[in-house]
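Examination of the molecular architecture
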Protein chains: 2
Amino acid sequence: MSEFDIIADIFSPLAKDAPGAFDLKDDAALVDEGALVITKDVMIAGVHFLPKDPLDLVARKLIRVNLSDLAAKGAKPIGYFLGCAWPANIKREKIELFAAGLKDDQEAFRISLYGGDTTLHSVKAAPLTLSATFFGTPPRRGVTRRSGASTGDDLYVSGTIGDAGLGLKALTKEEKFTTVDKASLAGRYHLPDPRLSLGAALAGLATAAIDVSDGLIADAGHLAKASGLRAEIDAVTIPRSAAAASWIAAQSHRWRALAALASSGDDYEIVFSAPPAMRRSVTVAAKASRTEVSRIGTLTRGEGAVLLDEKGEEVAVPSGGGFDHFKR
Amino acid sequence: MSEFDIIADIFSPLAKDAPGAFDLKDDAALVDEGALVITKDVMIAGVHFLPKDPLDLVARKLIRVNLSDLAAKGAKPIGYFLGCAWPANIKREKIELFAAGLKDDQEAFRISLYGGDTTLHSVKAAPLTLSATFFGTPPRRGVTRRSGASTGDDLYVSGTIGDAGLGLKALTKEEKFTTVDKASLAGRYHLPDPRLSLGAALAGLATAAIDVSDGLIADAGHLAKASGLRAEIDAVTIPRSAAAASWIAAQSHRWRALAALASSGDDYEIVFSAPPAMRRSVTVAAKASRTEVSRIGTLTRGEGAVLLDEKGEEVAVPSGGGFDHFKR
């Protein structure tokens, strides 16, 4: 059972009469005749964040992962609705800390809370379960869809890849890092940086876009699938931070290390496509939004997403190249 | 720690810059310059429904409790976003059953799924946790708020009160009922009937409205509080079904029984206020929407919500007259 099969087979028939729902194949939907873009994400302690993560950081991550969906569509956020199912023994101070995190990021991103529901679990072991529904306005040139890429389009990604995954390994002590690297990687895991300016600048320029939440290869694959194409990613071009570069240098198998970075989740970068003729425009958009953008591959005929080594041969990728809730 | 204090003290400051959020004091919010009404409810197995409830009924209840919020505001539903955190060992057949329930009620209420997120719990004992964000269009005469009642307004409620609470007692075998009564009461617990037609007919006529989810007294109290008034409910006028009437007849203490009905949750009726001069219009609206409506009391100066016996003396009410997640 795969998360994507469940959505495609079981839930997407329920959206067939809503054109703005895009058959549930996109990061967000259009409602009110396209006047609003809406997205919804669920976050569970122990799945999407560590049970011991400070709740102000959890709140900010909840905001940011949702903003990342809006960013990929080029939308400008306005506000959100919040659903909380608190652990049975939650203390008021913890809820206040959570709200303080919300407040910080509401100010940072100029958004407001509009409503929601706050409830308490009755089962003792039940984890904090959060849900947020964010809305915003689409860019004037229309939202960037997942499905608009053409054969021969370049594939790009913002920022650096794999840091959040390494941050998680650092926080769970699965791997060791220097103090400086650990802090920067853990920061990427706790506080993603939604690429709102870049997403807005790419509206009408990118042919397709998606935010990287499951893993670069997996999400490039979602973009490719929605566009009826194949994504070929040149492993050496994958942008990595200094901390990730040190980690790779210490690994015995370089390609396997790159594949691991490109398969780890929580990057919240934007992967997008644009025709080769638009390379200068992409550079301009990246500069205007002060966001690093790297060209990492091509969209071709075929299906799936593959990682290629410098000889153009396929690199083996763990577990489908990303996270799937229903495959563990 | 009370659910309502948490919302008022901790969360409502986060909504101060959003006029459509009504300080989180209403069932729904207005977004997009009032073009859309949005509401969000969370439902947890073991809290809002029984862990063994068939998942098609759970899906339909999720839809209906949200529609009930829209109904109280007079809004016309369009669609929804769905968040699911499934138990770790969920079977595909169960998800399919859940989707079948969604499909039935989507057709019944002419709404569509627009998006969402489906995830899996990692903790074994974690219960199914659902969240839905519903949106619709406001009535032309504007949404009915919680806060518009005036001194001297009549207080009304739709349908019958306390059936869902008795249904829960029947399902958990806390009380015994005849087979016929049990079926009808359990039906009220499993499948509330959102009063969409009545809510629409009351737009511009009711001065204030709220749906009864926590309990009649508690929710009348929320309406009164938002309006800066006191709700006085005449216990004998509380509308009850034949099954509830049999149950009351079998109780040793009649007033206590009435207080229990008026304090039990999950009715999903609409309680609303209107000036005495509008009694005929209320009757017309009730008839037009084919919904029973009963006049049950008055709004007066003061605060709180009280249940009065036939001598006008206050009847003792259990646990604040309704359900509070954070007081157990």
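Residues numbered from 1 in each chain as written. Chains lettered and ligands numbered in written order. Predicted model: local features only at pLDDT ≥ 70, side-chain atom pairs only at ≥ 80, totals over all residues.

**Some thoughts on the overall build of chain A**
The number of helices and strands found in chain A is 10 helices and 11 strands. For chain A, the C-alpha radius of gyration of 19 Å lies close to 20 Å, the compact-globule estimate for 328 residues. Taken along its principal axes, the extent of the C-alpha atoms in chain A is 55 × 50 × 40 Å. Residues counted as buried form 58% of the 328 residues belonging to chain A. (Helix = DSSP H or I, 4+ residues; strand = E, 2+ residues; numbered from the N terminus. Rg over C-alpha atoms; globule rule 2.2 N^0.38 Å. Buried ≥ 20, exposed ≤ 12 C-beta atoms within 10 Å, placed from the backbone.)

**Side note on helix 4 (residues 163-171) of chain A**
Residues and elements named next belong to chain A. The element helix 4 is extensively covered by neighbouring structure, given that eight of its nine residues are classed as buried. When helix 4 is considered as a whole, its buried residues turn out to be Asp163, Ala164, Gly165, Leu166, Gly167, Leu168, Lys169 and Ala170. In the core, the buried residues of helix 4 are packed alongside helix 5 (179-190), helix 8 (242-249) and helix 9 (254-261). Lysine 173 lies just past helix 4 and shows a positive phi near 60 degrees. (Contact = placed C-beta atoms within 7 Å.)

**Topic: the nonpolar core**
Ranked by internal contacts, the top residues of the largest apolar core, which has 220 residues, are A:Ile233, A:Val271, B:Ile233 and B:Val271. Setting aside residues no more than four positions away along its own chain, B:Val271 makes contact with B:Leu155, B:Tyr156, B:Val157, B:Ile210, B:Val212, B:Leu216, B:Asp219, B:Ala220 and B:Leu223. (Core = buried A, V, L, I, M, F, W, Y, C linked by C-beta atoms within 7 Å.)

**Digging into the relation of the copies chain B and chain A**
For the match of chain B to chain A, the screw axis carries a shift of 0.0 Å, the RMSD comes to 0.0 Å, and the turn is 180 degrees. Here the transformation between the copies is reduced to the relation of a two-fold axis. Closest to the rotation axis within chain B is the C-alpha of B:Ala126, separated from it by 2.2 Å. A high fraction, 100%, of the interface residues of chain B reappear at the interface in chain A, so the copies pair face to face through one surface. (Least-squares fit on C-alpha atoms with pLDDT ≥ 70 in both.)

**Observations regarding the domain arrangement of chain A**
Residue and element names in this part refer to chain A. Segmenting chain A into domains produces domain 1 (3-137) and domain 2 (154-321). One C-alpha centre belongs to domain 1, the other to domain 2, and the line joining them spans 23 Å. The interface of domain 1 with domain 2 comprises 17 residues on the first partner and 18 residues on the second. Here the element with the most residues in the side of domain 1 that touches domain 2 is helix 2 (residues 55-72); it accounts for 10 residues. Residue composition of the side of domain 1 that touches domain 2, by class: six nonpolar, two polar and nine charged. (Domains from an automatic or database assignment. Nonpolar A, V, L, I, M, F, W, Y, C, P; charged D, E, K, R; others polar.)

**Topic: the pairing of strand 7 (residues 208-211) of chain B**
Residues and elements named next belong to chain B. Burial of strand 7 is two-sided: the residues Ala208 and Ile210 facing one way and the residues Ala209 and Asp211 facing the other way are all buried. In the sheet, strand 7 pairs with strand 9 (residues 270-274) via four bridges, with the strands oriented antiparallel. When the bridges of strand 9 are listed, alanine 209 appears paired with phenylalanine 272. (Pairing = 2+ DSSP bridges.)

**Here's the deal with helix 9 (residues 254-261) of chain B**
Within helix 9 of chain B, the full set of buried residues consists of B:Leu258, B:Ala259, B:Ala260 and B:Leu261. Those residues of helix 9 of chain B that are buried lie in contact with helix 4 (163-171), helix 8 (242-249), strand 11 (304-308) and strand 12 (314-315) of chain B.

**Brief notes about the interface of chain B and chain A**
Opposite the 59 residues of chain B that make contact, chain A presents 59 residues. At nine residues, the largest contribution of residues to the side of chain B that touches chain A is made by strand 4 (residues 112-120) of chain B. Partitioned by chemical class, the residues of the side of chain B that touches chain A number 33 nonpolar, 17 polar and nine charged.

**Focus: the environment of A:Leu155**
Residues and elements named next belong to chain A. If you trace the backbone, leucine 155 turns up in strand 6 (residues 154-158). Separated by 143 residues in the primary sequence, leucine 155 and threonine 298 place their C-alpha atoms 5.1 Å from one another. Non-local contacts of leucine 155, meaning those with residues more than four positions away in its chain, are made with Ala220, Ala231, Ile233, Val271, Ser273, Ile296, Gly297, Thr298 and Leu299.

**Here we look at the sheet that holds strand 11 (residues 304-308) of chain A**
All names here are of chain A. Taken in spatial order, the six strands make up an open sheet running 7-9-6-10-8-11, and their pairing is mixed. Each having just a single partner strand, strand 7 (208-211) and strand 11 make up the two edges of the open sheet. The mean angle between the axes of side-by-side strands here comes to 25 degrees, regardless of whether they run parallel or antiparallel. In this sheet, strand 9 (residues 270-274) lies alongside strand 6 in antiparallel orientation, the contact comprising four bridges. Within strand 9, the position partnered with leucine 155 by the bridge is serine 273. (Axes fitted to C-alpha atoms, helices over the stretch in contact; angles between N-to-C directions.)

**Concerning the packing of helix 1 (residues 3-11) of chain A against helix 3 (residues 92-109) of chain B**
Between helix 1 of chain A and helix 3 of chain B, the shortest axis-to-axis distance is 10 Å and the interhelical angle comes to 35 degrees. Our pair here, helix 1 of chain A against helix 3 of chain B, has a crossing hand that is right-handed. Note on element contacts: helix 3 of chain B touches helix 1 of chain A through B:Ile95, B:Glu96 and B:Ala99, opposite A:Ile6, A:Ile10 and A:Phe11. Looking at the contact of helix 1 of chain A with helix 3 of chain B residue by residue, the class counts come to five nonpolar, no polar and one charged. (Left-handed = near helix turned anticlockwise from the far one by under 90°.)

**What to know about the sheet that holds strand 3 (residues 76-86) of chain A**
Residue and element names in this part refer to chain A. Spatially, 1-2-5-3-4 is the arrangement adopted by the five strands of the open sheet, whose pairing is mixed. One side of each edge strand has no neighbouring strand; the edge strands of this open sheet are strand 1 (29-31) and strand 4 (112-120). The sheet shows a mean angle of 20 degrees between the axes of neighbouring strands, direction not considered. Contacts from helix 2 reach strand 2 (36-44), strand 3 and strand 5 (129-137) within the one sheet, and its direction differs from that of strand 2 by about 140 degrees.

**Observations concerning the confidence of the model for chain A**
Mean pLDDT over chain A works out to 95, with 99% of the residues at or above the 70 mark. Scoring of the predicted complex yields 0.95 for pTM and 0.94 for ipTM. (pLDDT = per-residue confidence, 0-100.)

**Looking at the environment of B:Leu171**
Residue and element names in this part refer to chain B. Among the secondary structure elements, leucine 171 is positioned in helix 4. C-alpha separation for the pair leucine 171 and alanine 28, spaced 143 residues apart in sequence, amounts to 31 Å. Setting aside residues up to four positions removed in sequence, leucine 171 forms contacts with Leu50, Ala186 and Tyr189.

**Points about the environment of B:Pro139**
All names here are of chain B. Tracing the backbone shows proline 139 in the loop between strand 5 (129-137) and strand 6 (154-158). Separated by 64 residues in the primary sequence, proline 139 and alanine 203 have C-alpha atoms spaced 6.5 Å apart. Excluding anything up to four places from it in sequence, proline 139 contacts Gly74, Ala75, Ala200 and Ala203.

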